[in-house]
Protein chains: 2
Amino acid sequence: MNGRYPIALHILTLLSKTELELMSSEYIAGSININPALARKEISNLRNHGFIESKEGKGGGYSLAKPAKQITLADIYRAVKEPHVLGLAKNSPNPDCPVGKQINKNIEELYEELDHAFLLKLETKTLEDFTNQFD
Amino acid sequence: MNGRYPIALHILTLLSKTELELMSSEYIAGSININPALARKEISNLRNHGFIESKEGKGGGYSLAKPAKQITLADIYRAVKEPHVLGLAKNSPNPDCPVGKQINKNIEELYEELDHAFLLKLETKTLEDFTNQFD
DNA sequence: TTTACTGTAATATTTATTATTACAGATGAA
DNA sequence: TTCATCTGTAATAATAAATATTACAGTAAA
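Here's a quick rundown of the structure. (Residues numbered from 1 in each chain as written. Chains lettered and ligands numbered in written order. Predicted model: local features only at pLDDT ≥ 70, side-chain atom pairs only at ≥ 80, totals over all residues. Heavy atoms only, no water.)

### Comments concerning the packing of helix α4 (residues 73-80) of chain A against helix α5 (residues 100-122) of chain A
All names here are of chain A.
Move 1: Closest axis-to-axis distance for the α4/α5 pair is 7 Å, and the angle between their directions is 135°. With respect to each other, α4 and α5 are oriented oblique. In this structure, α4 uses L73, A74, Y77 and R78 to contact α5, whose residues at the interface are F118, L119 and L122.
Move 2: A breakdown of the residues in the contact of α4 with α5 according to their chemical character gives 6 nonpolar, no polar and 1 charged. (Axes fitted to C-alpha atoms, helices over the stretch in contact; angles between N-to-C directions. Helix = DSSP H or I, 4+ residues; strand = E, 2+ residues; numbered from the N terminus. Parallel < 35°, antiparallel > 145°, perpendicular 65-115°, else oblique. Contact = heavy atoms within 4.5 Å. Nonpolar A, V, L, I, M, F, W, Y, C, P; charged D, E, K, R; others polar.)

Quick look at the structure:
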């Protein structure tokens, strides 16, 4: 997996911690130490998932769209997730091999189960729980 | 994450399924549909972790080093794993930001807990369980 | 001593991720 | 109205990671 999950978590933590009305993408990007355009891209995704509200124009910026207590870490995961927690090989296994011809189905089933267990754990934690760990 | 986990699982499934004494890297690579050198590289890693035995020279090849029942999917995960199930950002967050200066510690703690829960689930499944799903 | 394997390194290629640049559109304020 | 400041998004470039390829030394059986 790539760095999208920690970045999303960072963004949402910032928004849940600020007393300011709106926070700019420049400040957010500066805190994470990434490019503002990249920050806006991830923010845009999080906004589409209903976590963030934005206001355009001068004095615009971002804020949480709902209380941190109502956002679980599983919700955030689903907003940025890869197809599966464990990686997928992009090869097409050999259909003439007894193992090759069945392995994709069996891996798929295993992964479904693992993803489910993983989300169950993430479900128990809210953004508020996470941000409460900060001073 | 990348395709190493499914590849490792594929290799070990093949070895647990074959009645042949030794299986060649060429056959293994052919079943997965990857390059033999890449297969040998992952095999080499799995051998270092005690899952596979190899024999060099003419008529050489690979076999399981211990019964599939004694290998859990968690063992395999640990042999190929990334630092964490969820991705890490490689950026250094801004130390002048109250959130930025603490987030790495808090993410690290979260990830430890998630990895632990994830491994607990993988621990319940053996390679034998997985290979039993094949005809 | 030839043949068929593994072991491993070096290199090339491809793909994925991240960064950069650019600019249209929105909004508030002078 | 017009300027300044912000978001939204696309296009492109740069970098990094994953994978493929090639090569060949070492080993062991026939």
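On we go.
### Brief notes about the packing of aromatic side chains
Move 1: Summed over all chains, the structure comprises 7 aromatic pairs over all chains.
Move 2: Measuring from ring centre to ring centre gives 5.9 Å for A:F118 and B:F118, while their planes differ by 90°; the resulting arrangement is edge-to-face. With A:F118 in helix α5 and B:F118 in helix α5 (residues 100-122), the pair connects residues from two separate chains. Note on accessibility: A:F118 and B:F118 belong to one class, buried.
Move 3: Linked through ring pairs, A:Y5, A:Y77, A:F118, B:Y5, B:Y77 and B:F118 together constitute an aromatic cluster. (Phe/Tyr/Trp six-rings, centres within 6.5 Å; stacked < 30°, edge-to-face > 60°. Buried < 20%, exposed > 50% of the residue type's maximum accessible area, 1.4 Å probe, protein only.)

### Some words on the protein's contact with DNA strand C
Move 1: Residues in contact with DNA strand C amount to 26 residues; listed here are only the nearest, A:N35, A:L38, B:S25, B:S54 and B:Y62.
Move 2: Looking at DNA strand C alone, sugar and phosphate atoms form 64% of those within 4 Å of the protein.
Move 3: Contact distances for DNA strand C include 3.3 Å between a phosphate oxygen and a side-chain N or O atom of A:K55.
Move 4: Within the side chain of A:E56, a nitrogen or oxygen atom sits 3.1 Å from a sugar or linking oxygen of DNA strand C.
Move 5: In terms of residue class, the surface near DNA strand C is made up of 4 nonpolar, 12 polar and 10 charged. (Near = heavy atom within 4 Å. Polar contact = N/O pair within 3.5 Å; in protein donor to acceptor, adjacent residues only side chain to side chain.)

### A short note on the relation of the copies chain A and chain B
Move 1: Overlaying chain A with chain B gives an RMSD of 0.0 Å, the required rotation being 180° about an axis along which the chain moves by 0.0 Å. In the structure described here, the two chain copies are related by an operation that fits a two-fold rotation axis.
Move 2: With an isologous cut-off of 70% or more, the 100% of interface residues of chain A that recur at the interface of chain B puts this contact in the isologous class. (Least-squares fit on C-alpha atoms with pLDDT ≥ 70 in both.)

### Some words on the interface of chain A and chain B
Move 1: At the junction of the two partners, chain A supplies 50 residues and chain B supplies 50 residues.
Move 2: Along the contact surface separating chain A from chain B lie 4 salt bridges.
Move 3: Between B:K125 and A:E113 there is a salt bridge, with its nearest N and O atoms 3.1 Å apart.
Move 4: Seen at the junction of chain A and chain B, the total is 8 residue pairs in polar contact (both at pLDDT 80 or more).
Move 5: Where the side of chain A that touches chain B is concerned, the elements lending two or more residues are α1 (4-17), α2 (25-32), α4 and α5 of chain A.
Move 6: A per-element tally of the side of chain A that touches chain B places α5(A) first, with 14 residues.
Move 7: Among the residues making up the side of chain A that touches chain B, the classes are represented as 29 nonpolar, 15 polar and 6 charged. (Salt bridge = Lys/Arg side-chain N within 4 Å of Asp/Glu carboxyl O.)

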